[in-house]
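Examining the three-dimensional arrangement
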Amino acid sequence: MYGIRVFSSLYCCAAIAVAASLTQSTEAATPAYYGTACPNGNGLRYEVHTDPDVILCLIFLGAPGAGGYAMTQNEPGLWSIDVPQANPGDQIAFSLLLQNPLQYVYPDHQFVLTDECYSFDWTDVTPPPARGFRQSIKELNGTYLWAFEAGGESGNIPATNHVEVGYRLNNGPLLTAILGEDEPGRWTGIVPGASAGDQIEYYYKQMIGVQPMDTTRFTRTLGEAEEAIPDYPITTVTTGRFRDRHPNEWRFDNYVDLYSVARTYEVKVIDYGNKIDVITTVDAEVGVGGVDFKYFVQSGPYDEMCDRPLTNINLNMDRNGHIFTKTVEDLTPGAIIEWDYTFLGLPAESPVGQYYSEFFYYHVGQGRFGKYSNPRAYAAGDASIPEVVTPRFGFAQHAQRLKIEELNAFMAGKVRFETDHMNGDLINLPTYFDCCSGPIGFVMNQSPVFQTGQIGPKFNSASCISCHMLDGKGATPNQGMDLQALVMQLSIPGADENGGPVAHPYYGHQFNTQSVEGSQAEGNLRVDYTEQSGAFADGEAYSLRVPSYRFSEMAFGALGKNVPDVDGTPGYRGMAEASPRMPPMLAGLGLLESVSEEDILSRVDETDHDGDGISGRPNWVYDHMSDSMKLGRFGWKASQPNLLQQTAAAFHHDIGLTSPIFPTADCGDDDEQCNDIEGSGVEISQSDLSLVEAYIRGLTLPPRRNFEDPDAIAGMHLFKRANCHTCHTPSLQTSQNYPIVGFRGQRIEAFTDMLLHDMGPGLADNRPHFDASGSEWRTPPLWALGYVKHVLGVPETCTDPFSGGAQPNFLHDGRARSVSEAILWHGGEGQSSRDSFIAMTSTERSQLLAYLEYPFADPIFDNKETLCPSDFDGSGVVDIGDFSILLLEFGTVGSSPADLNGDSIVDITDFGAFLVAFGTTCSE
């Protein structure tokens, strides 16, 4: 019944606009058209607008099989013909044939002639292409309706069997509406509670066979014109790196052998609205002979790990040297299409026969990438990656939208990051399993940038990766074991000439537990714990680890009269300051660096002017490169102004490498062995520092897995109720002038304000650092906490990469073994949030922790009113509007705001809870 016009012509007009802007064409997409049939005396005048490249337009009048007439071309893309003897009340039928240069024949249009013009377009008689759609929101007697037409079956692509809409009205809560199938392929549903003037953001989720597939997000004001047609063509560039296996296989997320040399490529998409050109440029040095291009892929879900995707179209890309091109035809703006590559024909000396790629999920008509349109899916904006197969590599992925030169610098920096400066190993860790065939063999390659004699003579670690395991945290510090990643920062009371801590006169700024041959380490360090027990308000017990540290075999005796060693040796006679520090995860640091200084300082409230008990303040620290004080961003006390200096400081203190930023060794005044190397020149160059900086900058966050979890959604409200969001600010805005263009103008969801807060005596290290007092700490980000244990360990089974893992650790010294323990250590400005956590029921605590696995932002954090769980529309009152939403959602299985008891179904229990809350005013 394609003659019924219920869909907007926005997309066919977009296609016409696309065609009008076309300056080059490969094989043309199915031509679009629109036009009118208007009374003209005793006849009809037909006018048809087409792609200007159409060279012939025939109109077939009357019954099927009747002869065709050539229409007159008035100008490129405009055709007309006058037909005699047509009167009001006549049943009219016609069809068109367009040639462009192939011939396309369209089905019949049918209408009853009146004294008004009849408007038509190709969408009236032509279903959307496979994986395409048409959509609109229409008003009918004051009610707004969604209308969605899905593309049909094609090859291996099954038909759509379910359609739902995720939406927000007026920036309210995220809701879901299920559409009904009025006829095959056509779905409609009421927009609940909508009226003219409302702002709506929405996206469709189709179930295509067994695969869920989102459309892109649309935004409009009801009662006003739809979104403007983009100025086509849109050009978008991203990059990728070679992979050992297909997505969903274990060796997808790690880095291929010899990853430092030409294992990257650029992807340019030229988007015309109804088709895209995909131009892929590989490095000439790697010698790719051909590229297999696969799109319209059925990418999930899978019965088990390592199932390969079902591919509908598998084509060779056109080759011009090391540039490969393919055009994807018959698309609809708003569709998300995906493709991946197989790189073939590598030279015989290559270590593998071929490489693979990730899936690229492109939003047609929007110039962006991303698999999901749910606004809760990703934390890093357009820098997010669509998926991670093995969470062990969740923090080790490059950001999407890097330029090719940025990705190449990232890869070169990774080499330096993973170089062992003692033995020259390149510590590029593999996945543990190769699907279910067992653990895979691994040979450690020699680093191409290793130089002998750089490290030390005293240090804590021989490589960056040995402390930042796979770009995450260091190994959890456990009692009686060597502290593999925890370091002890040292100083004596006072401030140096730059306002920072004064180096310890015997041991410098950091206690070094390792040394090169012929030198002596500064001593040994162990940690002991005592358990501190407590109970939640409901009686459930908990226990916290309280750390203490043992120094032994000290090279110069005890640190100070207040920090003795186990051997009881004399040493420094004054007071010493010692602060244990765990390495934080590195993913997302570039995004935090890109946040504007103005955005951070806008949250400063040093005197608690608003009376909420929170008084975040900045740390102003010394920038060695500019010889000035700058806003501190990095380190547990925000003691470093940027990633370059943070990187140089890590090389300096942790590995013992001097650089142009820190050109002298970190020694105590009496350490003759260390001081002998003074003046010998820097050991890591500025260019190498910049490459490692590029690597850390380019690391992005893994996607969320809990964004549709009802427990996590309930936990979001508990997070706000406990006032956690006041310090752990859900979202920040990146600046427009950051060096990485792909990071500019993004909203990131790091859950930090980047400011200092007094956390009370329980966490105090009593060691000031610039403006930070001994009890103040920078708010740590909360993104991707659920990945920490996986990055530190390996899965238990090859069938589930999210199984197993290692003991996680949290807080500055790793004492907390869980997020729950970390909350229970909060004091000072965090005390009231801790007390709220203590008062929660067991179910509420579980919901909060489900949310904290990977928290997501929401408009409720911008609303001063606390939304009651039953206030579905965010009006501040539980009223008839919420009742309408409850009725619409009744029976929904899965994620729904109306699932008040969190059992994943909206049923009579939720109805009863709603009745109890009816009439409630939701306020602080």
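All values reported here derive from a predicted model rather than from experimental measurement.

Once that is clear, we can look at the overall build of the protein chain. In terms of helices and strands, the protein chain carries 14 helices and 44 strands. On C-alpha atoms alone, the protein chain measures out to a radius of gyration of 32 Å, which is about the 29 Å that the 2.2 N^0.38 rule sets for 924 residues. Expressed along its principal axes, the backbone C-alpha trace of the protein chain runs to roughly 115 × 75 × 55 Å. Within the protein chain, the proportion of its 924 residues that are buried is 57%. Considering only residue pairs separated by 6 or more positions, the protein chain has 66% of its internal contacts joining residues 24 or more positions apart. For the protein chain, the accessible surface area stands at approximately 35700 Å², while carbon and sulfur atoms represent 51% of it. With 57 positive and 120 negative side-chain charges, the protein chain shows a spacing of 3 Å between the two charge centroids.

With that out of the way, let us pick up the nonpolar core. Within soluble globular proteins, side chains that are nonpolar generally end up buried alongside one another. Ranked by size, the top nonpolar core spans 138 residues in total, and within it W339, Y341 and W783 carry the most contacts. It is helix α5 (residues 643-655) that provides the largest number of residues to this core, a total of six residues. One finds F148, Y167, V878 and L886 within the second-largest nonpolar core, a separate group that totals 30 residues.

With that settled, consider the side chain of Q645. With respect to the element layout, Q645 can be found in helix α5. The buried category is assigned to Q645, whose relative accessible area is 2%. Discounting residues that sit within four places of it in the chain, Q645 has contacts with Y622, D623, H624, M625, Q640, I661 and F662.

So, on to helix α7 (residues 686-698). Taking 1.5 Å per residue as the helical rise, α7 with its 13 residues ought to reach 18 Å, and the 18 Å between its terminal C-alpha atoms agrees with that figure. Residues of α7 that are buried: D688, L689, V692, E693, A694, Y695, I696, R697 and G698. The elements touched by buried residues of α7 are α2 (404-417), α3 (589-594) and α5.

Moving on to the pattern of salt bridges. When charged atoms on two side chains of opposite charge get close, those side chains can pair. Summed over all chains, the structure comprises 34 salt bridges. For D813, the salt bridge goes to R815, with nearest N and O atoms at 2.8 Å. On the basis of relative accessible area, R815 is assigned to the buried category, the value being 6%.

To continue, consider the state of the cysteines. Each disulfide consists of one covalent bond between the sulfur atoms belonging to two cysteines. One pass over the full model with this rule turns up two disulfides. In this model, C38 is linked to C117 through a disulfide, with the two sulfur atoms separated by 2.0 Å. Disulfide C38-C117: the torsion about the S-S bond is 120°, which places it as right-handed. Pair noted here: C38 is in strand β1 (residues 33-40) and C117 is in the loop between β9 (109-112) and β10 (118-121), with a separation of 79 residues, a long-range link. The buried category is assigned to C38, whose relative accessible area is 18%. The disulfide that involves C436 links it to C798, with 2.3 Å between the sulfurs. As the torsion about the S-S bond is roughly 105°, the C436-C798 disulfide counts as right-handed. In this pair, C436 is assigned in the loop between β31 (425-426) and β32 (445-446) and C798 in the loop between α9 (788-792) and α10 (819-824), connecting sequence segments 362 residues apart. Assessed through its relative accessible area of 46%, C436 is described here as partly exposed. Note on C798: relative accessible area 14%, which makes it buried. With no disulfide of its own, C464 has C467 as its nearest cysteine by sulfur position, at a separation of 8.4 Å.

In this section: unusual backbone geometry. Residue P101 follows N100 across a cis peptide bond; omega there is -5°. You can see P101 is positioned in the loop between β7 (91-99) and β8 (103-105). The step from G456 to P457 runs through a cis peptide bond, and the omega angle for that step is 15°. One can find P457 in the loop between β32 and β33 (458-459). One non-glycine residue, A638, adopts positive backbone phi at about 50°. A positive phi angle, near 60°, is found at F751, a position not held by glycine.

On to the sheet that holds strand β11 (residues 133-140), then. Pairing in this open sheet of four strands is antiparallel, and the strands run β11-β12-β16-β15 from one edge to the other. Every interior strand has two partners, whereas the edge strands, β11 and β15 (180-183), have only one. For this sheet, the mean angle separating the axes of adjacent strands, direction not counted, is 30°. Note that β15 and strand β16 (residues 186-190) share three bridges and pair antiparallel. Note on β16: the bridge partner recorded for E181 is W187.

For the rest of this paragraph, the subject is the sheet that holds strand β22 (residues 276-282). Judged by pairing direction, the sheet is antiparallel, and its five strands sit side by side in the order β20-β21-β22-β26-β25 without closing on themselves. Among the strands making up the open sheet, the edge pair consists of β20 (234-241) and β25 (318-320). The mean angle between the axes of side-by-side strands here comes to 20°, regardless of whether they run parallel or antiparallel. Taken together, the eight bridges between β20 and strand β21 (residues 264-271) define a ladder with antiparallel strand orientation. For R241, the partnering residue across the bridge sits in β21 and is T264. Along the sheet, α2 contacts β20 and β21; its crossing angle with β21, the most-contacted strand, is approximately 160°.

Relative to the elements of secondary structure, G370 occurs in the loop between β30 (368-369) and α2. For the pair G370 and E387, spaced 17 residues apart in sequence, the C-alpha to C-alpha distance is 9.3 Å. Apart from the residues within four sequence positions on either side, G370 is in contact with I336, Y361, H363, Y378 and Q400.

Both the distance between ring centres and the angle between the ring planes are used here to describe each pair of aromatic rings. This model, assessed by the stated rule, comprises 59 aromatic pairs. Judged by centre distance (5.8 Å) and plane angle (75°), the rings of F719 and F751 are edge-to-face. Taken together, the residues span a long stretch of sequence, with F719 in helix α8 (residues 710-721) and F751 in the loop between β42 (747-748) and β43 (756-758) at a distance of 32 residues. Taking the centre distance of 6.3 Å and the plane angle of 80° together, the rings of F751 and Y851 count as edge-to-face. With F751 in the loop between β42 and β43 and Y851 in helix α12 (residues 842-852), this pair connects stretches of sequence that are 100 residues apart. Residue classification places Y851 among the buried positions, given a relative accessible area of 0%. Pairwise contacts between aromatic rings join F242, Y265, F293, Y295, F296, W339, Y341, F343, Y355, F360, Y362 and F369 into one cluster. Just above the ring of F252 sits the side chain of R243; from NZ or CZ to the centre is 4.3 Å.

Definitions and limits used
- Residues numbered from 1 in each chain as written.
- Predicted model: local features only at pLDDT ≥ 70, side-chain atom pairs only at ≥ 80, totals over all residues.
- Heavy atoms only, no water.
- Helix = DSSP H or I, 4+ residues; strand = E, 2+ residues; numbered from the N terminus.
- Rg over C-alpha atoms; globule rule 2.2 N^0.38 Å.
- Buried < 20%, exposed > 50% of the residue type's maximum accessible area, 1.4 Å probe, protein only.
- Contact = heavy atoms within 4.5 Å.
- Areas by Shrake-Rupley, 256 points an atom, 1.4 Å probe, with all protein chains shown as cover.
- Lys, Arg positive; Asp, Glu negative; His and termini not counted.
- Charge placed at Lys NZ, Arg CZ, Asp CG, Glu CD.
- Core = buried A, V, L, I, M, F, W, Y, C linked by side-chain atoms within 4.5 Å.
- Expected span 1.5 Å × (residues − 1).
- Salt bridge = Lys/Arg side-chain N within 4 Å of Asp/Glu carboxyl O.
- Disulfide = S-S within 2.5 Å.
- Pairing = 2+ DSSP bridges.
- Axes fitted to C-alpha atoms, helices over the stretch in contact; angles between N-to-C directions.
- Phe/Tyr/Trp six-rings, centres within 6.5 Å; stacked < 30°, edge-to-face > 60°.
- Lys NZ or Arg CZ within 6 Å of the ring centre and 35° of its normal.

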